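Survey of secondary and tertiary structure
Next come the chains, spelled out residue by residue.
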Amino acid sequence: MYSKINIYKTDFSNKYLLRFNDNSLYVGYIVREVVLLLKKNINKDSIPQIINEKYNLSINDADIQKIIKNIEDTLFVTKKTSLIKLFKIINPAKINVPLLFQNIFKERTFYIYLILMLLVNIYAFFNVERVAYKSFTETIFLYVFLMFVLIFHELGHSIASKKYDVITNEIGFGFYSIFPVFYIDLGEIWRLSTDKRIIINLSGIFSQLLIGSLLFTMNIFVHYNYLITNLLYINFIILLLNFNPFLKFDGYWVVSDLLKQRNLMNKSNELLKGLFSLKLPKEKFGMIFYLFSKLIFILWVIYNILNFIYKYSLKLINNEFSNLNYIILIAIIGLLIIKLIKKYKQKYELNKRKKTI
């Protein structure tokens, strides 16, 4: 298994990134040396002597055992994830991207383009009038084009990654919780500095903003087109979802980097539990602001879900509408609630077992 561990240099002094499947671990030069020796099938008992002679240290067998245990516990243990990968669509590493497009993601120019296109998309969203439903065929075309937009979102991540010498080999389709999503493996970007990681994480949004700006330009010349106006609208809604810092989409990873919290989700959840126990968090202002914002967001989501279920369940019971979309949406929300209840029930039972041990 050690032969399959990838070792990367990082932007940080004397730090290396180990990658195995979807797991990663930051290490220093000693741990890196241990992995290199294990990759060569060197006997574990010989490792302390080799390292001590090479670096003039006094490491013993117990130290090496601790290092090996940390590596195996971090890299070789399969971690639970909400993402279920179904199939690979393309290998972006095989796509030749002109240097001109890669240079868009330079640190100095990226944010200028990002802000300008964001303003264009905000203006378009509030001022371009959507064309009402016309035909089933046009709706099918709308969703086909939307698939291409979402794939282009992932390609944006890939192009920006390539700019900073990070190669991504897979864009695929799967499910995040119960929602269908496109995905790309960006685990290797952890070897980069925070500034570069933020640009890569925002590059998918950047790609969608570019598409939104092009659609707005097309709308100027082709007025009242169903595909253009509705794709422009849906694209912006997806952008807002990706900006959301409370779900594990692009905005979340940007905020995670800004707050210097790699496990921001777990950290914020622990602090929220403390709040419910009337324990005030002793954190920096940024983390406290994020925590209370997340609390407000959760309460807002719960209120809207309950209100939606109540409102449309009554309509369904009274046969006031027969729109299949609403029925499907209610079913999806119901499945999500059941899944969340099961998840927290499992956690509760696990914590209960730990206390009895």
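Look up a bit, the structure's there.
Scope of this entry: the structure provided in the associated data block. (Residues numbered from 1 in each chain as written. Predicted model: local features only at pLDDT ≥ 70, side-chain atom pairs only at ≥ 80, totals over all residues. Heavy atoms only, no water.)

1. Quick word on the sheet that holds strand 4 (residues 83-90)
- Spatially, 3 strands are ordered 4-5-6 in an open sheet, and the strand pairing comes out antiparallel. Across the chains shown, the open sheet's two edge strands, defined by having one partner strand only, are strand 4 and strand 6 (179-184). Strand after strand, the sheet turns through a mean of 30 degrees between neighbouring axes, direction not considered.
- As paired strands, strand 5 (residues 171-176) and strand 6 are joined by 6 bridges and run antiparallel to one another. Residue Ile 171 lies in a different strand from strand 6, and its bridge partner there is Ile 184.
- Where helix 6 (residues 136-163) meets the sheet, its contacts fall on strand 4, strand 5 and strand 6, and the angle it forms with strand 6 comes to roughly 35 degrees. (Pairing = 2+ DSSP bridges. Helix = DSSP H or I, 4+ residues; strand = E, 2+ residues; numbered from the N terminus. Axes fitted to C-alpha atoms, helices over the stretch in contact; angles between N-to-C directions. Contact = heavy atoms within 4.5 Å.)

2. Here we look at the environment of Asn 235
- Within the secondary structure, Asn 235 is located in helix 8 (residues 226-243).
- Remark: the alpha-carbon pair of Asn 235 and Gln 208, spanning 27 residues in sequence, is separated by 7.0 Å.
- Residue contacts for Asn 235: discarding those within four places in its chain leaves Asn 121, Val 149, Gln 208 and Gly 212.
- Separated by 2.8 Å, the side chains of Asn 235 and Gln 208 make a polar contact. (Polar contact = N/O pair within 3.5 Å; in protein donor to acceptor, adjacent residues only side chain to side chain.)

3. Quick word on the packing of aromatic side chains
- Under the definition given, this model contains 21 aromatic pairs.
- With a centroid separation of 5.1 Å and 85 degrees between ring planes, the pair formed by Phe 125 and Phe 126 is classed as edge-to-face.
- A centroid spacing of 4.5 Å and a plane angle of 25 degrees characterise the contact between Phe 125 and Phe 236, whose relative ring orientation is stacked. Of this pair, Phe 125 sits in helix 5 (residues 107-127) while Phe 236 sits in helix 8; the two residues are 111 residues apart in sequence, bridging distant segments of the chain.
- Taking the relative accessible area as the measure of exposure, Phe 236 reaches 7% and is therefore buried.
- Taken together, the ring pairs connect Phe 87, Phe 173, Phe 175 and Phe 182 into an aromatic cluster.
- For Arg 32, the ring lying beneath its charged end belongs to Tyr 16, and the centroid distance is 4.7 Å.
- Positioned above the aromatic ring of Tyr 233 is the side chain of Arg 130, whose terminal nitrogen or guanidinium carbon lies 4.1 Å from the ring centre. (Phe/Tyr/Trp six-rings, centres within 6.5 Å; stacked < 30°, edge-to-face > 60°. Buried < 20%, exposed > 50% of the residue type's maximum accessible area, 1.4 Å probe, protein only. Lys NZ or Arg CZ within 6 Å of the ring centre and 35° of its normal.)

4. A closer look at the nonpolar core
- Ranked by internal contacts, the top residues of the largest apolar core, which has 44 residues, are Phe 105, Phe 110, Ile 200 and Leu 202.
- Of all elements in the fold, only helix 5, helix 6, strand 5, strand 6, helix 7 (194-221) and helix 8 reach the threshold of two or more residues within this core.
- If we skip the residues at most four places from it in the chain, Leu 202 touches Phe 110, Tyr 111, Leu 114, Phe 243 and Val 254.
- In terms of nonpolar packing, the next biggest core, distinct from the first, is built from 22 residues, Leu 18, Val 34, Leu 37 and Ile 47 among them. (Core = buried A, V, L, I, M, F, W, Y, C linked by side-chain atoms within 4.5 Å.)

5. Comments concerning the packing of helix 6 against helix 7
- It is at 7 Å that the axes of helix 6 and helix 7 come closest, and there the two elements cross at 135 degrees. Relative to helix 7, helix 6 is oriented oblique. Between helix 6 and helix 7 the crossing geometry is right-handed. Note on element contacts: helix 7 touches helix 6 through Ile 200, Asn 201, Ser 203, Gly 204, Ile 205, Ser 207, Gln 208, Leu 210 and Ile 211, opposite Val 149, Phe 152, His 153, Gly 156, His 157, Ala 160 and Ser 161.
- In the contact of helix 6 with helix 7, the residues fall into 7 nonpolar, 9 polar and no charged. (Parallel < 35°, antiparallel > 145°, perpendicular 65-115°, else oblique. Left-handed = near helix turned anticlockwise from the far one by under 90°. Nonpolar A, V, L, I, M, F, W, Y, C, P; charged D, E, K, R; others polar.)

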